[in-house]
Amino acid sequence: MTHHELQFIAGQRRHGRAGTSLRITDPSTGEVVATGTAASADDVDDAVAAAHTAFAGWAGTPPAERSAAMLRWAEILRQRSGELAAIESRNGGKPIKLAEGFDIPGVIDNVAFFAGAARNLEGKAVAEYSGDHTSAIRREPVGVVASIAPWNYPLQMAAWKVLPAVAAGNTIVLKPSELTPLTSLMFAESAREAGIPDGVINIITGSGQTAGQALVEHHGVAMVSFTGSTAAGRQVAATAASEVKRVHLELGGKAPFVVFDDADLEAAARGAVAGALINAGQDCTAATRAYVQRPVYDMFVHRVAALMDEVRLGPVDEPGTDMGSLISRGQRDRVADMVDRARQDGAKVVRGGKIPSHTPEAGAYYEPTLITDAAQDSEIVQHEVFGPVLVCLPFDTDDEGLTLANDTPYGLAASAWSRDVFRTQRASREIQAGCVWINDHIPIISEMPHGGYRASGFGKDMSTYSFEEYTNVKHVMSDITGEAHKAWHDLVFTSR
Ligand code: TXE
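Here is a short report on the structure shown in this document. No experiment lies behind these values; they were computed from the predicted model shown.

A short note on the overall build of the protein chain
Helix and strand counts for the protein chain come out as 15 helices and 20 strands. Residue burial in the protein chain is summarised as follows: out of 496 residues, 56% are buried. Total accessible area on the protein chain stands at roughly 20200 Å², and carbon and sulfur atoms take up 53% of it. Seen as two clouds, the 44 positive and the 61 negative side-chain charges of the protein chain have centres 1 Å apart.

Quick notes on unusual backbone geometry
Within the chain, Asp373 stands out as a residue other than glycine whose phi angle is a positive 60°. Mapped onto the fold, Asp373 is located in the loop between β15 (369–372) and α12 (379–382).

Observations concerning the sheet that holds strand β12 (residues 255–259)
Sheet architecture is open: seven strands sit in the order β14-β15-β16-β13-β12-β17-β18, paired in mixed fashion. Looking at strand neighbours, the two that pair on one side only are β14 (348–351) and β18 (435–438), the edges of this open sheet. Going from strand to strand, the sheet's axes swing by 25° on average, the running direction of each strand aside. Note: strand β13 (residues 287–293) against strand β16 (residues 389–395), five bridges, orientation parallel. Residue pairing for β16: Tyr291 is matched across the bridge by Leu393.

Concerning the site of the ligand
Around the ligand, the structure places 28 residues, and the nearest of them are Trp151, Glu178, Ser229, Arg334 and Glu384. Between the ligand and Trp151 there is a distance of 2.6 Å, counted from an oxygen atom to a side-chain nitrogen or oxygen. For the ligand, an oxygen atom lies 2.7 Å from a polar atom in the side chain of Ser229. For the ligand, whose unbound accessible area comes to 810 Å², protein coverage reaches 88%. Of all the secondary-structure elements, those providing two or more residues to the shell around the ligand are α7 (208–217), β10 (223–227), α8 (230–241) and α11 (329–344). No other element matches α7, which puts four residues into the shell around the ligand. Here the shell around the ligand is built from residues that sort into eleven nonpolar, twelve polar and five charged.

Some points on the pattern of salt bridges
Considering all chains together, one arrives at 33 salt bridges under this definition. Glu75 is paired through a salt bridge with Arg78; the nearest N and O atoms lie 2.7 Å apart. Here the residue Glu75 and the residue Arg78 both occupy positions in helix α2 (residues 63–79), the gap between them amounting to three residues, near one helical turn. Here Lys245 and Glu243 are joined by a salt bridge, their closest N and O atoms 3.7 Å apart.

Concerning the nonpolar core
In a soluble, globular protein the nonpolar side chains are often hidden away together inside. Ranked by internal contacts, the top residues of the largest apolar core, which has 64 residues, are Met70, Trp73, Val166, Phe187, Ile196 and Ile201. Here the element with the most residues in this core is helix α4 (residues 96–117); it accounts for twelve residues. Among all residues touching Phe187, those that are not within four sequence positions of it are Trp73, Leu77, Val107, Val111, Leu155, Ala158, Ala159, Val162 and Leu163. Counting residues in hydrophobic clusters, the runner-up holds 60 residues, among them Ala269, Ala272, Leu326 and Ala347.

Quick look at the sheet that holds strand β5 (residues 31–37)
The strand order across the open sheet built from three strands is β1-β5-β4, with neighbouring strands paired in mixed fashion. Strands with a single pairing partner mark the edges of an open sheet, and in this sheet they are β1 (2–3) and β4 (21–26). As defined by bridge partners, β4 adjoins β5 across six bridges and the pair is classed as antiparallel. By the bridge assignment, Ile24 is partnered in β5 with Ala34. Across the sheet, helix α3 (residues 81–92) lies against β4 and β5, angled at about 100° from β4, the strand it touches most.

As for the pairing of strand β8 (residues 171–175)
The element β8 is largely enclosed, with a buried count of five among its five residues. Because side chains alternate across β8, one face comprises the buried residues Thr171, Val173 and Lys175, and the other comprises Ile172 and Leu174, equally buried. In terms of strand pairing, strand β7 (residues 144–148) meets β8 through five bridges, oriented parallel. Bridging from a neighbouring strand, Val144 pairs with Thr171 of β8. Relative to strand β9 (residues 201–203), β8 runs parallel, the two being bridged by three bridges. Within β9, the residue paired with Leu174 across the bridge is Ile203. Between the parallel pair β8 and β9, the chain is carried across by helix α6 (residues 182–193), and the sense of this crossover is right-handed.

The rules we used
Residues numbered from 1 in each chain as written. Predicted model: local features only at pLDDT ≥ 70, side-chain atom pairs only at ≥ 80, totals over all residues. Heavy atoms only, no water. Helix = DSSP H or I, 4+ residues; strand = E, 2+ residues; numbered from the N terminus. Buried < 20%, exposed > 50% of the residue type's maximum accessible area, 1.4 Å probe, protein only. Areas by Shrake-Rupley, 256 points an atom, 1.4 Å probe, with all protein chains shown as cover. Lys, Arg positive; Asp, Glu negative; His and termini not counted. Charge placed at Lys NZ, Arg CZ, Asp CG, Glu CD. Pairing = 2+ DSSP bridges. Axes fitted to C-alpha atoms, helices over the stretch in contact; angles between N-to-C directions. Near = heavy atom within 4 Å. Polar contact = N/O pair within 3.5 Å; in protein donor to acceptor, adjacent residues only side chain to side chain. Nonpolar A, V, L, I, M, F, W, Y, C, P; charged D, E, K, R; others polar. Salt bridge = Lys/Arg side-chain N within 4 Å of Asp/Glu carboxyl O. Core = buried A, V, L, I, M, F, W, Y, C linked by side-chain atoms within 4.5 Å. Contact = heavy atoms within 4.5 Å. Right-handed = clockwise from strand over helix to strand, strands pointing away.

Here it is, written out as structure tokens:
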């Protein structure tokens, strides 16, 4: 175990000055994998100053040069993908096959996508909309971006924040979760090796209350992008509002999974298990509420339970392990408490609902859990669990299924399962969520946006839509008449 420098400021790794030490653990065993010291408000000052110093140069770098550096960056990450996956797996308690097959390749594809997108910032065509003027759109970077990322997909979440920001010419200070900073630090160091100048990407590692709060309230920051809990997001938005900073929030979800009676039931059952248990359910788009039409409900529940029995929990470095641990014992206990309260409220726990007996005692494992007979207004149906828990409930009419799907405060993602194109089209129109999958649940692609409606937040990650968050749109309107006396002046004064 090593004592790490957990800050990366102006191109240099260094120790934080908060005076508090951080223990970075492997939550599947409880072992400490690294220690370090947390960032103080002074470290945040230094990081924002470094980002300011770098801003003019980076914003003025031609897109083709920014793009070339990002392509080199993607290549460096590809060469390090084995090491990145091993660290991500260990620090996140996630199976190596997930880190190797999803987290790391997803990030590399994102870097490559934004390398291309950097050369493709668009606006309305330059034209004479008034007759007397030429109007043009400039798309300008907003300045220094402060980003706060969570622990569930540490590197992917860092990438989703950093890439559109720097591709558009901003500089950034990113605070990863204090539980999982290791791959974000490697990400920033790889960017430096690829030729992205010092100060463009800075990482500060520390607690939300100290380093996070200092970053969000910093006068030098123009915009805040945040992914995390609704409670912390509310606090971040309130702090940012006092200086009218631009805010982008991704605050989790409670994705419905609507199965109509004509669906391919085997596909739906497999999709529900994979969609609910990916990353041990610590995924803001995870399938959490399966609403199943009454004629196929019993069959669906039966098949999901059988598939859950096949999921292998085990050491995260074993290629055969399907599901690892949760991020911490605290998170595991939070999930266990929610399931216990659901049980006390009369819900039926069909599978799981307990800490497994065959995994390491110090590990934060929890069994794949299937719940039925829960009330629609109960906590387990309404609130984000962020664990391997799927609730199944029946519905009768299509109207009812879609109404139930929309009946939580969230709106991040959803899926609808049917062979009838009119049913799926209706679901995609009526479900209020940033993404509706049809006959699948979970896949994401760099070209398409990710972001919520309602209490899931606002703003988009990934895709060129994310540039709307990370650029200011400026209208430049130029007179083309060359005349001193313009007709519209007569509305204000009549000159002689
Ligand atoms: O998140 P926090 P927690 C949900 C999920 C989970 C719950 C609690 O339901 O069970 O949140 O997780 C930083 N100013 N999601 O408590 O605290 C913090 O340091 C600035 C959904 O771990 O929101 C970390 O970097 N920053 C979610 C980040 O916010 C602050 C992913 C997330 O931590 C801060 C994670 C503050 N005042 C949890 N307070 C998703 N949307 O995918 C905290 N932070």
